[in-house]
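In case you want the letters, here they are:
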Amino acid sequence: MLDLLIKNAQIVTEKEILTGNVGIKDGKIEIITSKDVLSKEVIDIDNKYLLPGVIDEHVHFNDPGYTWREDFYHGSKAAAKGGVTTVIDMPMQNKPAVTTADIFLGKEKLLKDKSFVDYGFWGGLVHGNENELKKMDEAGALAFKCFMCDPGKDYTELSLDEIRQRIELLKEFDGLAGFHCEDYKIIKENETNAIEKGTVSAEDYLKARPVEAELKAVKDIIEILQKTEGKAHICHVSHPKVAQCIKEAKEKGINITAETCAHYLLFTGDDLINKGAIFKCSPPLRSRKAADDLWNYVVDGTLDCICSDHSPCQISEKDATNDKGVFGAWGGLSGVQTSLQTFWDYAVNKKGCSLVLVAKVMAQNPAKVFGIYGRKGAIKEGFDADFAVVDDKKPWKIVADELEYKNKFSAFCGLTGMGLPVMTIVRGNVVYNKKSFSDKCLGQFIKKLK
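Caption draft 1: Focus on the sheet that holds strand E8 (residues 118-124). Spatial strand order, E6-E7-E8-E9-E10-E11-E12-E13: eight strands in an open sheet with parallel pairing. Unpaired on one side and paired on the other, strand E6 (54-59) and strand E13 (305-307) mark the two borders of the sheet. For this sheet, the mean inter-axis angle between neighbouring strands, taken without regard to orientation, is 30°. Looking at chain direction, strand E10 (residues 177-180) and strand E11 (residues 231-234) are connected through three bridges and run parallel. Among the inter-strand pairings, Gly178 is bridged to a residue of E11, identified as His233. Helix-sheet contacts for helix H2 (residues 101-110) involve strand E7 (84-89) and E8, and the interaxial angle to E8 is about 160°.

Caption draft 2: Focus on the nonpolar core. Grouped together as the largest cluster of nonpolar side chains are 108 residues, with contacts concentrated most on Val87, Phe179 and Phe343. In terms of residues, this core owes the most to one element, helix H7 (residues 211-228), which gives eight residues. Apart from residues no more than four positions distant in its own chain, Phe179 is found in contact with Lys145, Cys146, Met148, Ile163, Ile167, Ile221, Ala232, His233, Ile234 and Cys235. If you look at the next biggest cluster of nonpolar residues, it comprises 20 residues, including Ile88, Val126, Cys235 and Ala367.

Caption draft 3: Spatial organisation of unusual backbone geometry. Of the consecutive residues Lys95 and Pro96, the connecting peptide bond is found in the cis state with omega at -5°. With respect to the helices and strands, the residue Pro96 is situated in the loop between E7 and H2. With an omega dihedral of -5°, the bond running from Ser282 to Pro283 counts as a cis peptide bond. Topologically, Pro283 is positioned in the loop between helix H10 (269-275) and helix H11 (288-299). The phi torsion at Asp174 lies on the positive side, around 60°, for a residue other than glycine. The topology assignment puts Asp174 in the loop between helix H4 (160-171) and E10. With a phi close to 80°, Lys435 is a non-glycine residue in the positive phi region. Looking at Lys435, the relative accessible area reads 65%, which means it is exposed.

Caption draft 4: Expanded view of the environment of Thr338. Position of Thr338 relative to the elements: it lies in the loop between E13 and helix H12 (339-350). In the structure, Thr338 is positioned 186 residues away from Gly152 in sequence and 27 Å away in space, judged by C-alpha atoms. Excluding residues within four positions of it along the chain, Thr338 makes contact with Ile398, Leu403, Tyr405 and Phe412.

Caption draft 5: Local environment of H7. Across its 18 residues, H7 extends 26 Å between first and last C-alpha, which sits within 8% of the 26 Å expected from 1.5 Å per residue. Val211, Ala213, Glu214, Leu215, Ala217, Val218, Asp220, Ile221, Ile222, Ile224, Leu225 and Thr228 are the residues of H7 that are buried. Buried-residue contacts for H7 involve H4, E10, helix H5 (184-197), E11, helix H8 (240-251) and strand E12 (255-261). Looking at the residues trailing H7, positive phi occurs at Glu229, about 55°.

What counts, and at which threshold
Residues numbered from 1 in each chain as written. Predicted model: local features only at pLDDT ≥ 70, side-chain atom pairs only at ≥ 80, totals over all residues. Heavy atoms only, no water. Pairing = 2+ DSSP bridges. Helix = DSSP H or I, 4+ residues; strand = E, 2+ residues; numbered from the N terminus. Axes fitted to C-alpha atoms, helices over the stretch in contact; angles between N-to-C directions. Contact = heavy atoms within 4.5 Å. Core = buried A, V, L, I, M, F, W, Y, C linked by side-chain atoms within 4.5 Å. Buried < 20%, exposed > 50% of the residue type's maximum accessible area, 1.4 Å probe, protein only. Expected span 1.5 Å × (residues − 1).

Right, dumping it as structure tokens:
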């Protein structure tokens, strides 16, 4: 007998949309069928869409450490409300940054029973921790995060020589390096000059982080991959020129993957100029034409994943009335709760694309890139029973009071659309259903499949 049967579903598979039922046993998908099957519990979703649970591979939940901005309880609760069933948390904005196996294991222990959804961790890729990389991989690191520009006080960037050496090391155990691609020299010089001159407006910030800086950094990574035959993942691609460079590398057989975020499709630099530092992120928002053209690289498969890069803060940290102006404001957007609904509305309602693409870039591809496909990422027999139930006829407006973040504000507030996650299921457990949450945090720590 099944533990749970989800009835009358529009099931979004990797190739098509099926009308039917999904049976679950011991947290796994047991059967996909058009027939009724005997089950202890039945949920009739009345022809709503059943997507594989979203995997958000790029979140900053700041726990342990900077928990006045976010913590795992609030961040994962927001994820659950947004149809996200797995998050992969970044190693910076942690105290200490996750750069050794001992710190990694300590974080895993600390966060046990504190997440509504399943979770994995990135490890750090910084100065002096090369002997820790294999140990972190063995502890469960799904990837390793590297900065090519100044990442702030609690982390360090790497030079190109160091990156090449680390790529060689990671090859030994099939480790994945992920890169924040903005050229250090270009960004540092521009920012220093702007602050010294007192030209610190939103326009000045956008000029200081041009697409050329992002493009140069990506080209540098591609050159390293050519020489080492290693692999890499490019984080938060903001511009079609960068995507085109990645596309050409893929066509040459280079082992490279990439992600973008809903905010690079929906917002522009004009939002930063007109609405303030709540729209500040890095790489920065680009032009409307760039945002529109970036979509083509989602459709053609160049950009493998859509993530949130959820990077929260207190509202006071977005204040640009300081000596450094916009340069001194916190850079990051909160979006883990709203990524699925905003991308759904954009991709399906505005662009007319198939839900198969939504499932591909928000579940299947992230699972494959980060080594958890086979357990996560698709509605297939034997996979974890992770689902987002979406009501495509449900209108929505994003308002601050309905956000589950520790700090209830977001650049996405005010947006409207159609198609809302109304239920989230993790390994057969309903963790969110129409504004109510599970009594316990049921999320589990996940590792790569070997």
